[in-house]
Amino acid sequence: MTSEGEVLNKLRDAVLGYDSEAAIEAAKEAIDLKIDPVKAIEEGLAKGLREIGDKFEKGELYLPHLIMGADTMEAAIHVLEGHMSKAGLESTSRGTVVIGTVEGDIHDLGLRIVASMLRANGFKVYDLGFNTKTLDFIEKAKDVNADIIAVSSLMTTTMPFMKDLIEALDASGLRDKFSVMVGGGPVTDKWAKEIGASAYGRDASEAVRVAKEIMAKKRK
Amino acid sequence: MTAPNLWEVLDRACNTGPVMTGKDFDMKVFQTTTRLVKEHDIKYDPRTPVSSDEGLADEAWNAGLDLFREVGSYCISSGRLIRFDDSEIREGLKELRGEASVGEGGEMRRLTLRSIEDKKPPTIVCGGVIESNFPEGENFVKLYQSIAQEPLIDGFYVGPPLQSSEGRLVRSGTPLETHSGRSMATWVREAVRRAGRPGLHFISACTPAIANIAAADPVDGLRRSDGIVATIMPELKTDYENLNKVTFSQDYGCVKHIYNGGMIGGWAGGPEGALIVSIANTVMAIMVYKIGIGSSYNALGYLRASAPNYSAFVTRPCVWGSSIGSQALSRNTKIINTCIAMTNAGPGTEMQLQEITSAQCAAIPCGREGVSQGARRFKVRPLLGSGMENRFWGELAYALAGVKRDLASTIADKMLSRYEGTITRESDGGPLGYTFDEIYDLKTLTPRKQFTEIHLKMKRELEDLGLDFKDDPGGNS
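Reading the values: rules and limits
- Residues numbered from 1 in each chain as written.
- Chains lettered and ligands numbered in written order.
- Predicted model: local features only at pLDDT ≥ 70, side-chain atom pairs only at ≥ 80, totals over all residues.
- Heavy atoms only, no water.
- Helix = DSSP H or I, 4+ residues; strand = E, 2+ residues; numbered from the N terminus.
- Rg over C-alpha atoms; globule rule 2.2 N^0.38 Å.
- Contact = heavy atoms within 4.5 Å.
- Areas by Shrake-Rupley, 256 points an atom, 1.4 Å probe, with all protein chains shown as cover.
- Buried < 20%, exposed > 50% of the residue type's maximum accessible area, 1.4 Å probe, protein only.
- Buried area = accessible area lost by both parts, 1.4 Å probe.
- Salt bridge = Lys/Arg side-chain N within 4 Å of Asp/Glu carboxyl O.
- Polar contact = N/O pair within 3.5 Å; in protein donor to acceptor, adjacent residues only side chain to side chain.
- Pairing = 2+ DSSP bridges.
- Axes fitted to C-alpha atoms, helices over the stretch in contact; angles between N-to-C directions.
- 1 Å grid on protein atoms, 1.4 Å probe; cavity = no way out; pocket = protein on both sides within 12 Å on 5 of 7 lines; lining within 4 Å.
- Points joined across faces, edges and corners; volume = space filled by probe spheres on them.
- Nonpolar A, V, L, I, M, F, W, Y, C, P; charged D, E, K, R; others polar.

### Remarks on the overall build of chain B
Part 1: Within chain B one finds 15 helices and 19 strands.
Part 2: Its C-alpha atoms give chain B a radius of gyration of 21 Å, within 12% of the compact-globule value 23 Å for 477 residues.
Part 3: Oriented by its inertia axes, the alpha-carbon framework of chain B measures out at about 60 × 50 × 45 Å.
Part 4: Pairs at least 24 apart in sequence give 81% of the contacts found in chain B among residues at least 6 apart.
Part 5: Just so you have it, chain B exposes about 15500 Å², and 51% of that area is on carbon and sulfur atoms.

And the structure:
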């Protein structure tokens, strides 16, 4: 008879091995054993993804590993979520982030890294990709009831679109509903303050830390 | 048989290439690259920043060619693959003529091939300030005048963007950016005229194609002896903006300047994968951007270490990859290949000169034909750039001609060990440096003593390490 600990290890190892089939099998085993799906996610799958995130920070693994790990975790969550209450499902998420690169900017590598690191740290992430129009960020954030809109820019000529986002949120009375995080090569803390953004993340690690702080304040 | 011409390439990019999602393409690049690193037994060696292993360079070339043959390239605008068979790639490589010419009149320069450890000086020293982020008008003219008045400079890169146009904020893709593309070209012509070098070559690097196209003017703007930058995006990707730049350059008959590389930490994986991808990206420059047609040259640029804690271009693994990539292309192609240096330190600092030295050690002794685009601080701030670091850029390129790779490796190792520990999140990658008006007396357009002293100190130190800075390295025509 397989123990709970063994199944949790299988879930973690499946993520570490980027093996979606093994993750799905382990998720089914967790259901058969009546393991709390929230526990299966947090102490199995997410543990594996956090290990990948730690190795990424040390330069031992790379962006594709983060993405493959997140994909593996998502495949298993699809199996588990049918057996979870809405409250249970929500409790596994640290928060919901809509992320993308602003209009006119096609630099998406940093965006992918930040999105993957947020996923690895338990955030539910909706990645709108590069060259995203201001109103599309807002529409998506409304659709998914996001906590944070995270936007990046790699060029000084696309940074003004960040300001547009804040203005559009103000104009539509939604500024208090969504926190806005900004980042990217030329973006600075000073710029973030100037345009009235909620927070600035210098790099992916800082973005995760700042997102956690935002959520901690929101949940107080 | 001939290689597919540009119209056939565009047909594949826009109409006929197989459709694929971007994510699937990225993962295919990663998986294929990971496999090829193992198959070709390519291993990063941090002890030798400038490699002398020509067998490794040839393996890297073969792996890069295999990668391009297997995965092709991807147009993100159409979601289509642009692929070529083996015979087409062979024909494409034959299009390379091993020469190009830039500039006009007394400033015309002929770019020709150099070999590894060649005593021949670099055939082009292109300077500039990448993403200068300067205010429009007089100070912009003075910045490029300060570069153009340096005798070893054969041309320069004019990177986007201006802070403003007609006093208004410039946004990407808007009409004001189109207008600023034209304004920049006009001011550059004024800068080179003031420096007494009206035919000097420049490379226009506005982000949207239309801003470069608006700059085209055989008299007062971007001439046919000037160039437009088209970029290969990480990894093996293009889009309609870049294809528009290539198409216009070919139609107008100006120089194509292709910027590509491989990124450590991204879809290429580690340093070994980024090396292979950088070579595959260059093959893409030949096949998709048709660098063998017309007067064109390549800049094998970033092997950027992209990690959460920092981003940097002149790190130890980047220098290692660049040194092997230089040799791989020099030994196996007739591409005119140059180097750039995205520094973490700003102008007027010792660290920036150390980073420039590391970057060029992996280029000139390893067979690159010259240098291009100059230096910049990766973390862009306004007014960071001057003629002073461009002077060093040129003098060092000449001093490195004929230098053995072993010596280049020793020098690069010494330079890297000075600054690599300072590239941290806490330091924001390195010292900010000084602005143009701090480095130069703007009335006389001469650098201030404090900065000429740093420059001379660096040269004396490199002389002690075995370099020979000739007082007058001579012309380059």
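### A closer look at unusual backbone geometry
Part 1: Looking along the chain, the bond that leaves Pro234 of chain B and enters Glu235 of chain B is cis, with omega of -20°.
Part 2: Here Glu235 of chain B is to be found in the loop between strand S10 (227-231) and strand S11 (237-238).
Part 3: The phi dihedral of Tyr18 of chain A is positive, around 55°, even though this residue is not glycine.
Part 4: Its place among the elements puts Tyr18 of chain A in the loop between helix H1 (4-16) and helix H2 (20-32).
Part 5: Tyr18 of chain A sits in the partly exposed class, given a relative accessible area of 25%.
Part 6: Even without being glycine, Leu445 of chain B reaches a positive phi, approximately 55°.
Part 7: Topologically, Leu445 of chain B is positioned in the loop between strand S18 (440-441) and strand S19 (446-447).
Part 8: Classification of Leu445 of chain B by relative accessible area gives buried; the value is 6%.

### Digging into the interface of chain A and chain B
Part 1: Facing 32 residues of chain A, the contacting portion of chain B comprises 30 residues.
Part 2: Summing both partners gives a buried area of about 2800 Å² for chain A against chain B, and 62% of it is carried by carbon and sulfur.
Part 3: The partner of Arg171 of chain B in a salt bridge is Asp164 of chain A, and the shortest N-O contact between them spans 2.7 Å.
Part 4: Applying the counting criterion to the chain A and chain B interface returns four residue pairs in polar contact (both at pLDDT 80 or more).
Part 5: At the level of elements, helix H3 (37-57), helix H4 (63-81), helix H6 (109-120), helix H8 (160-171) and helix H10 (204-218) of chain A are the ones that each hand at least two residues to the side of chain A that touches chain B.

### Brief notes about the sheet that holds strand S1 (residues 73-75) of chain B
Residue and element names in this part refer to chain B.
Part 1: The sheet built from three strands is open, its strands ordered S2-S1-S11 with mixed pairing. Each edge of the open sheet is held by one strand with a lone partner, namely strand S2 (80-82) and S11.
Part 2: Looking at chain direction, S1 and S11 are connected through two bridges and run parallel. Each bridged residue has a counterpart across the sheet, and for Cys75 the counterpart in S11 is Thr238.
Part 3: Helix H2 (residues 22-39) contacts S1, S2 and S11 of the sheet and is inclined by roughly 165° relative to S1.

### Some remarks on the sheet that holds strand S3 (residues 148-152) of chain A
Residue and element names in this part refer to chain A.
Part 1: The five strands are arranged S2-S1-S3-S4-S5 in an open sheet whose pairing can be described as parallel. Bordering the open sheet on either side are strand S2 (123-127) and strand S5 (199-200), each of which pairs with just one other strand.
Part 2: Where strand S1 (residues 95-101) meets S2, five bridges bridge the pair, whose relative direction is parallel. In the sheet register, Gly95 faces S2, and the bridge partner there is Phe123.

### A few points about the layout of surface pockets
Part 1: Each pocket or cavity is described by its volume, and for the second largest pocket that value is around 480 Å³.
Part 2: Every residue lining the second largest pocket is counted, 22 residues in all, and those nearest its centre are Met159, Pro186, Thr188 and Trp191 of chain A together with Pro382 of chain B.
Part 3: The leading source of residues in the lining of the second largest pocket is helix H9 (residues 189-195) of chain A, at four residues.
Part 4: When grouped by side-chain class, the residues that make up the lining of the second largest pocket number eleven nonpolar, five polar and six charged.

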